[in-house]
Amino acid sequence: MGVEIERKFLLNGDAWRQLGQPVLLRQGYLCSDPERTVRVRIEGDQGRLTIKSKGTGVSRGEWEYPIPLLEAQELLDTLCERPLVEKYRRRIAHAGFTWEVDEFLGENAGLVVAEIELPSEDTVFARPDWIGQEVSGDKRYYNSSLIRFPYSQWTDS
């Protein structure tokens, strides 16, 4: 079993926009149950199927498999829950780690988050100037939650 250890942050300012090349990601969920998720993603010309377990802290089980692009497209078009999650992702190297900055589109437009995958939960890492408040424990920011409660429906309360 693979383990994903990931922390998620909001951003400060727009300096990140000058870094990394944006790549369009389209993804949908065959299952968005909080106990387990099954995701289909297309990034560029690559299709992937990802299964994730319920997390403990910032860690959770993760299994990921390449699938043919046409099959990924068919799954997104016919079987995945709505709405699909579409976003531009920038991969930005900083102090020995890669940050993934996701700028969401569609019903989640206006939401921008940065994620960092770590080798262990207690790994110390440097934060770029454009990293803001941590939201790792806030389930609203999970991609699988954004299909049920899109960012456009959030209020201040």
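Residues numbered from 1 in each chain as written. Predicted model: local features only at pLDDT ≥ 70, side-chain atom pairs only at ≥ 80, totals over all residues. Heavy atoms only, no water.

## Details of the pairing of strand β3 (residues 36-43)
Consecutive residues of a regular strand have side chains that alternate between opposite faces of the sheet. For β3, a buried count of six out of eight residues is recorded, marking the element as mostly surrounded by other parts of the structure. Of the strand pairs in this sheet, strand β2 (residues 23-31) and β3 are connected by six bridges, and their pairing is antiparallel. Residue pairing across strands places Tyr29 opposite Arg39, the latter belonging to β3. Linking β2 to β3, which pair antiparallel, is a turn of four residues. Where β3 and strand β4 (residues 46-53) come together, eight bridges link them in antiparallel fashion. In the strand pairing of β4, Thr37 is matched with Lys52. Linking two consecutive strands that pair antiparallel, namely β3 and β4, is a turn of two residues; a positive phi of about 65° is found at Gly44 within it. (Buried < 20%, exposed > 50% of the residue type's maximum accessible area, 1.4 Å probe, protein only. Helix = DSSP H or I, 4+ residues; strand = E, 2+ residues; numbered from the N terminus. Pairing = 2+ DSSP bridges.)

## Remarks on the nonpolar core
Grouped together as the largest cluster of nonpolar side chains are 15 residues, with contacts concentrated most on Trp99, Val101 and Trp130. Setting aside chain neighbours within four positions, we find Val101 in contact with Leu11, Trp16, Tyr88, Arg89, Arg90, Ile92, Val112, Val113, Ala114 and Trp130. Grouped together as the second largest cluster of nonpolar side chains are 10 residues, Val85, Phe104, Tyr141 and Trp154 included. (Core = buried A, V, L, I, M, F, W, Y, C linked by side-chain atoms within 4.5 Å. Contact = heavy atoms within 4.5 Å.)

## A few points about the pattern of salt bridges
Taken as a whole and assessed by the stated rule, the structure comprises 21 salt bridges. Note that Glu4 and Arg60 form a salt bridge whose closest N and O atoms lie 2.9 Å from each other. In this pair, Glu4 is assigned in strand β1 (residues 2-11) and Arg60 in strand β5 (residues 59-67), connecting sequence segments 56 residues apart. Its relative accessible area of 2% is what places Glu4 among the buried residues. (Salt bridge = Lys/Arg side-chain N within 4 Å of Asp/Glu carboxyl O.)

Honestly, that's just the spatial picture; any functional story needs more than this.
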